[in-house]
Amino acid sequence: MIKNTEIITKLIIEAKEKAYKETSNEPEPQLVQKEIKWPIQCTVGPGLEGAIACESKVGYVNGTKGWLIYRGYDIFDLAAYTSYEEVSYLLLHGELPTKNELKKYKETLTKFSFLPLTLRQLMNFPVEEWNTMAALRVGTNIMRQILTYRDKDIDDIIKSKNIKVIGTDEDSIPMETMPMGEKRAIYEFKHNRDKLIKSKVVLDEALGIRSCYHLIAGLPTITAAIARLRKGSLPIEPDPDLSIAGNLLYMMKGEKPTPIEERIMDVALILHADHGMNASTFASMVVASTLSDIYFSIEAGIAALNGPLHGGANERVLYTLEEIGSPDKVEKWFKKAREEKRKIMGFGHRVYKAYDPRARILGPLAEFLCKDHKEVRTLFKTAKKLEKMVISTLGKEKKIFPNVDFYSGLVYKALGIPPEMFTPIFAVSRVSGWTARIIEYLKHNRIFRPRAIYTGEFNKKIKKRR
Ligand code: SDX
């Protein structure tokens with residue numbers, strides 16, 4: 001098993017060099033300006049195509065050339081040289097963290113990643129039967145209710161350093177070893193209830209940066225718990241020594257990832273973190289613009305991301321590749337799909353009319369993982385054949401190219417993640433972009449309220465009805 005994670009950095013730099021050869025990275029003048037004088041003119045098509053909703057420093061998608069930038073940094077460089085924790089900090093605060101800032105930020109994320117009471121309440125629901133994104137929304141809502149009042153206990157436990165990571169022993173009770181039996185019941189229902197009443201937790205925390213940290217740290221824990229509950233296992237608490245990427249794999253699978261697996265998951269989280277005013281980001285910003293709170297806004301983002309035209313495509317790409325079956329069957333399948341005018345999952349984009357830079361990195365990562373995962377190898381070869389067919393036809397006719405979802409599912413499958421968890425993992429990462437853009441927009445908030453052109457009738461009279 002290859003141990004050195006440097007090989008991943010090398011793959012990313014090679015992808016960057018290939019991109020630099022095939023395209024250029026200059027900004028589109030009409031979409032990049034130093035200062036905007038509102039109101040502005042824009043030509044708007046159905047689905048708000050072309051509409052400019054706000055200004056932003058968080059990130060920029062160059063659709064014509066296929067480039068992605070977070071806070072001025074090229075996505076290839078961020079994937080090659082930083083971590084998801086640094087990128088989520090960058091998106092929220094505008095600069096990469098100093099060593100000390102990163103240390104403090106990671107301590108806060110670790111604290112917020114322990115959600116014992118949230119998980120206990122989530123486990124009251126038949127999560128194993130639910131759509132995974134529905135479960136993620138409920139988990140986010142429970143986080144909002146609890147606002148970590150009890151999870152704040154975790155401070156003392158971490159401080160006293162007597163925290164011990166409970167292993168994958170299924171009988172282990174999430175969190176610190178609780179009293180059992182009658183004593184446990186008193187602890188749970190009396191101790192906590194009193195604390196809740198005394199806690200006077202005010203919900204205005206639910207609009208601030210702490211809530212963003214809470215969500216960035218908590219969504220991985222909830223996502224992993226959903227994955228475990230779906231296979232009949234108890235949730236595992238995070239290991240404070242692992243990164244968000246490492247813990248996501250550890251808490252889902254019950255075993256520590258290899259350095260390579262952790263690095264690849266970290267790159268995937270970096271690539272999915274932000275992407276301009278996509279549907280789920282816009283949905284979360286619309287809710288936030290009403291001054292509803294960040295938890296509700298993130299729940300709206302999760303709901304929008306679920307759709308197969310958006311974040312739900314990654315799971316469906318895998319099903320498409322399995323439906324095709326093998327590279328030699330691609331041609332016949334593609335011909336039929338075109339006759340049926342099917343939307344091919346993982347291709348096309350409202351903004352990119354060029355190869356999605358994220359797919360430029362995820363493709364080689366999927367290929368790299370094939371070496372040790374032969375069940376992905378046939379799927380990858382099928383994907384490469386399909387990509388070639390689509391680019392040589394739809395690519396030429398309609399500028400339809402692979403998007404971020406085309407290879408991400410193959411990477412996740414090779415990492416041992418079930419397909420129904422692919423979109424929740426997208427949300428685990430995108431919560432950084434959602435919260436960053438919400439915080440930025442709330443600084444000069446104005447409720448989103450577009451108009452519609454009325455094409456209905458006038459002056460209709462009500463005939464006698466009673
Ligand atoms: C994501 O916005 C973001 O930034 C999203 C995202 C992010 O990081 O947040 O990048 C993540 O959501 C990626 C997209 C994942 N979705 C898919 O892979 C689903 C398949 N893709 C399509 O449904 C479509 O490409 C969209 C939804 C992504 C974009 O749709 P648009 O911009 O509304 O384009 P359209 O549906 O109007 O299509 C324009 C033409 C049509 O042909 P005509 O009617 O003009 O003849 O292109 C065709 C479409 O039929 N077309 C496709 C196609 N996508 C567009 N034809 C076949 N297969 C496809 N995938």
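Rules behind the numbers
- Within every chain, residues take consecutive numbers counted from 1 along the sequence as written.
- Thresholds applied to this predicted model are a pLDDT of at least 70 for local features of residues and 80 or more for the giving and counting of side-chain atom pairs; totals over whole chains, interfaces and linings are not thresholded and use all residues.
- Water and hydrogen atoms were dropped before computing side-chain values, which therefore reflect all heavy atoms in the structure.
- Any residue with a heavy atom lying within 4 Å of a molecule or strand is counted as near it.
- Two N or O atoms count as a polar contact when they lie within 3.5 Å, although within protein this holds only if one can serve as hydrogen donor and the other as acceptor, and sequence-adjacent residues are included solely when both atoms are side-chain atoms.
- A run of DSSP states H or I qualifies as a helix once it reaches four residues; a run of E qualifies as a strand once it reaches two. Both are numbered from the N-terminal end.
- When residues are grouped by polarity, Ala, Val, Leu, Ile, Met, Phe, Trp, Tyr, Cys and Pro land in nonpolar, Asp, Glu, Lys and Arg in charged, and all others, Gly among them, in polar.
- Reported domain spans reflect what an automatic or database domain assignment gives.
- Only strands joined by at least two bridges in the DSSP assignment are considered to pair.
- Nine residue types can take part in a nonpolar core, namely buried Ala, Val, Leu, Ile, Met, Phe, Trp, Tyr and Cys, and a core is a set of them joined through side-chain atoms within 4.5 Å.
- Only protein chains enter the area calculation, which uses a 1.4 Å probe; residues under 20% of their type maximum are buried, those over 50% are exposed, and those in between are partly exposed.
- We call two residues in contact whenever any of their non-hydrogen atoms come within 4.5 Å of each other.
- Multiplying 1.5 Å by the residue count of a helix minus one yields the expected span of that helix.
- Note on bend: at a given residue it equals the angle between the axes fitted to the 7 residues ending there and to the 7 starting there.
- The term salt bridge refers to a side-chain nitrogen of Lys or Arg lying within 4 Å of a carboxyl oxygen of Asp or Glu.

A. Highlighting the site of the ligand. Near the ligand lie 24 residues; those nearest to it are His275, Gly346, His349, Arg358 and Arg430. Within the contact set of the ligand, an oxygen atom lies 2.8 Å away from a side-chain nitrogen or oxygen of histidine 310. Take isoleucine 344: an N or O atom from its main chain is 2.8 Å from a nitrogen atom of the ligand. Elements supplying a minimum of two residues to the shell around the ligand: helix H17 (374-398) and helix H19 (422-442). Classifying every residue of the shell around the ligand by side-chain character gives 10 nonpolar, seven polar and seven charged. Counting the residues that make up the shell around the ligand, at least three belong to each of domain 1 (85-308 + 419-442) and domain 2 (313-414).

B. Fine view of the sheet that holds strand S3 (residues 73-74). Here we have three strands laid out as an open sheet, ordered S1-S2-S3, and antiparallel in their pairing. Strand pairing shows two members of the sheet lacking a second neighbour, strand S1 (59-62) and S3, which therefore form its edges. Pairing of S1 with strand S2 (residues 67-70), which is carried by four bridges, proceeds in the antiparallel orientation. Across the sheet, tyrosine 60 pairs through a bridge with isoleucine 69, a residue of S2.

C. Structural context of the nonpolar core. In this structure, Met265, Leu386, Leu410 and Ile417 are the most contacted members of the largest nonpolar core, which totals 128 residues. If sequence neighbours within four positions are ignored, leucine 386 has contacts with Leu321, Ile324, Val330, Trp333, Phe334, Ile344, Phe347 and Phe406.

D. Geometry of the environment of glutamate 101. Within the secondary structure layout, glutamate 101 lies in helix H4 (residues 99-113). Spatially, the C-alpha atoms of glutamate 101 and tyrosine 89 are 9.2 Å apart, while their sequence positions differ by 12 residues. Residues in contact with glutamate 101, not counting those within four places in the same chain, are Tyr89 and Leu96. Separated by 2.6 Å, the side chain of glutamate 101 and the backbone nitrogen of threonine 98 make a polar contact.

E. Seen up close, the pairing of S2. Going residue by residue along S2, you find Trp67 and Ile69 tucked away on one face and Leu68 and Tyr70 tucked away on the opposite face as well. Between the antiparallel neighbours S1 and S2 lie four residues, among them glycine 66 with a positive phi of about 75°. One ladder, built from two bridges, connects S2 with S3; its direction is antiparallel. When the bridges of S3 are listed, isoleucine 69 appears paired with aspartate 74. Remark: two residues form the turn of the hairpin made by S2 and S3, two consecutive strands paired antiparallel; arginine 71 in that turn has positive phi of roughly 50°.

F. Here's a closer look at the environment of glycine 50. If you trace the backbone, glycine 50 turns up in the loop between helix H1 (6-22) and S1. Sequence separation between glycine 50 and arginine 350 is 300 residues; the distance between their C-alpha atoms is 9.6 Å.

G. H17, seen in detail. Along its 25 residues, H17 runs 34 Å from first to last C-alpha, staying within 8% of the 36 Å computed at 1.5 Å per residue. The axis of H17 is deflected most strongly, by about 40°, at isoleucine 391. Residues of H17 that are buried: Val376, Leu379, Phe380, Thr382, Ala383, Leu386, Glu387, Met389, Val390, Thr393, Leu394 and Gly395. Against the buried residues of H17 lie helix H14 (313-324), helix H15 (330-339), helix H16 (357-370) and helix H18 (405-414). Where H17 ends, the next residue or the one after it, lysine 399, has phi of about 55°, a positive value.

H. Looking closely at unusual backbone geometry. With an omega of -5°, the peptide bond between tryptophan 38 and proline 39 qualifies as cis. Located in the positive-phi region is arginine 71, a residue other than glycine, with phi close to 50°. Structurally, the position occupied by arginine 71 is in the loop between S2 and S3.

I. Structural detail: the pattern of salt bridges. This model, assessed by the stated rule, comprises 17 salt bridges. Taking the shortest distance from any N to any O, the salt bridge between lysine 336 and glutamate 340 comes out at 2.8 Å. The class of lysine 336 is partly exposed, set by a relative accessible area of 48%. Residue class for glutamate 340 comes out partly exposed when judged on its relative accessible area of 41%.

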